[in-house]
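# Per-entry structural report
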Amino acid sequence: MPTPPDPAVLYPDVAARGSLAAALRAEAEACLDAVSVTSPDSDPLLHATVTSTLPHREPLRISAWAHERRWSIRGEEPFQGMALIDGRTDTLAEIAGAARAWHDGAPLDDIRRAAPFVHLTGRFEVPDHDPARLTESEWRSMRQEAEELEQGAWQEGYRVLVEAAYAEPALRALYPFTSHWVLRFSTTTRPHLTIVGPCLTANEDGTYGVGRGFISQDLGRFATAHEAVALAVRQLPSGLGPVTLGG
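In this report, the structure presented in the accompanying data block is examined. Small disclaimer: the values here were computed from a predicted structure and weren't measured. (Residues numbered from 1 in each chain as written. Predicted model: local features only at pLDDT ≥ 70, side-chain atom pairs only at ≥ 80, totals over all residues. Heavy atoms only, no water.)

### Some details on the pattern of salt bridges
For clarity, the cut-off: Each salt bridge in this description consists of a side-chain nitrogen of Lys or Arg and a carboxyl oxygen of Asp or Glu lying within 4 Å of one another. Secondary structure follows DSSP: runs of H or I at least 4 residues long count as helices, runs of E at least 2 residues long count as strands, and numbering of each begins at the N terminus. For every residue, the accessible area (1.4 Å probe, protein chains only) is compared with the maximum for its type, and the residue is labelled buried under 20%, exposed over 50%, or partly exposed between those bounds.
Going through the model one piece at a time under the given rule, you end up with 14 salt bridges. Residue Asp104 is joined to Arg100 by a salt bridge in which the shortest nitrogen-to-oxygen separation is 3.0 Å. One end of the pair is Asp104 and the other is Arg100, both in helix H4 (residues 92-104) and four residues apart, which spans about a single turn. By relative accessible area, which is 42% here, Asp104 ends up partly exposed. With relative accessibility at 25%, the residue Arg100 sits in the partly exposed group. With a closest N to O distance of 3.0 Å, Asp205 and Arg221 form a salt bridge. Of the two residues, Asp205 sits in the loop between strand S10 (199-202) and strand S11 (208-211) while Arg221 sits in strand S12 (residues 220-222), which places them 16 residues apart along the sequence. Residue Asp205 is classed as exposed on the basis of its relative accessible area of 54%. Here the salt bridges do not stand alone but share partners, grouping Arg61, Arg74 and Glu76 into one network.

Here's what the structure looks like:
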């Protein structure tokens, strides 16, 4: 990969202000007045954060790209460190609207309306950390992510696998996560997962694998996602209770 240019060359307007935080304030036309916007001393031209009035929102992270002029945002919830919103734009002024809405505690859908470049991850906010709601939120995000993948044989197989797993009550009751696009399950939420049951894989040839490890399919390969999911359910230990917090 080529060496990135000096940030001052890629972002001369930001360099002229001394930091991304200062440049964002200038572009905001007073909409970020009285809002905490800061840049780190170590990389002031490339990073900034905007605080939120809501305790269940981390500061919005704003990052400048290294190889082309563009910015990304990421807004997380603090308990699991998972993104509620993200997005990218080549217009710094657009970020100001998203930052103000994030700071003010606007609902996620309203942030998207205020700044159309914002992408909602599908997760919803769970201020009380209810594990059942966190599980529901993660399933919603996983299903949305599968729908948003580029079209292709593997992508469609993965989408079908996620939907088949979600349709099975025994798996839907567990907290879902992926590792290298392998579908796995936990009896606790993030940040500390307790893995249970086998791994499910959508293969490029249209088959579906079930394995005891995320790089193996030692329990079988099947023509349909339904068959793979059915075996995964049979492999679950008995007596599993509701998902609990992994904090």
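### Focus on helix H9 (residues 225-234)
Note: α-helices contain 3.6 residues per turn, so residues at a spacing of three or four share the same orientation. Rules: In this context, the arc is that of the directions from the helix axis out to the C-beta atoms. Two residues qualify as a contact provided that any one of their heavy atoms is within 4.5 Å of a heavy atom in the partner residue.
Residues of H9 that are buried include every one of Ala225, Ala228, Val229, Leu231 and Ala232, and no others. In an axial view of H9, the angular spread of the buried residues amounts to 160°, which keeps them on one side of the axis. With respect to the buried face of H9, the exposed residues turned more than 90 degrees away are His226 and Arg234. Buried-residue contacts for H9 involve helix H7 (153-167), helix H8 (169-172), S10, S11 and S12.

### What about the environment of Pro7?
Along the chain, the position of Pro7 falls in helix H1 (residues 7-10). The class of Pro7 is partly exposed, set by a relative accessible area of 24%. Counting along the chain gives 44 residues from Pro7 to Thr51, while the straight-line C-alpha distance between them is 24 Å. Among residues more than four places away in sequence, those in contact with Pro7 are Leu45 and Leu46.

### Section: the nonpolar core
Rule in force here: For this analysis, a nonpolar core means a set of buried residues of the types Ala, Val, Leu, Ile, Met, Phe, Trp, Tyr and Cys, connected via side-chain atoms within 4.5 Å.
Of all hydrophobic cores here, the largest spans 35 residues; its most connected members are Leu24, Ile62, Trp71, Ile73 and Ile111. Elements that contribute at least two residues to this core include exactly helix H3 (20-27), strand S2 (47-50), strand S3 (60-64), strand S4 (71-76), strand S5 (83-89), H4 and helix H5 (108-114). In terms of residues, this core owes the most to one element, H4, which gives seven residues. Contact partners of Leu24, with chain neighbours within four places excluded, come to Leu32, Val37, Val50, Ile62, Leu92, Ile95 and Ala96. Residues Leu183, Val210, Ala225 and Ala228 belong to the second largest nonpolar core, which totals 23 residues.

### Side note on the side chain of Asn203
Counted only if it meets this: Any pair of nitrogen or oxygen atoms within 3.5 Å is treated as a polar contact; in protein, a donor-acceptor pairing is required on top of that, and neighbouring residues in sequence qualify only through side-chain atoms on both sides.
Tracing the chain through its elements places Asn203 in the loop between S10 and S11. On the basis of relative accessibility, which here comes to 12%, the residue Asn203 falls in the buried class. Here the side chain of Asn203 touches Gln217 through a polar contact of 2.8 Å, side chain to side chain. Once residues within four sequence positions are removed from consideration, Asn203 is found in contact with Trp154, Tyr208, Gly209, Gln217 and Arg221.

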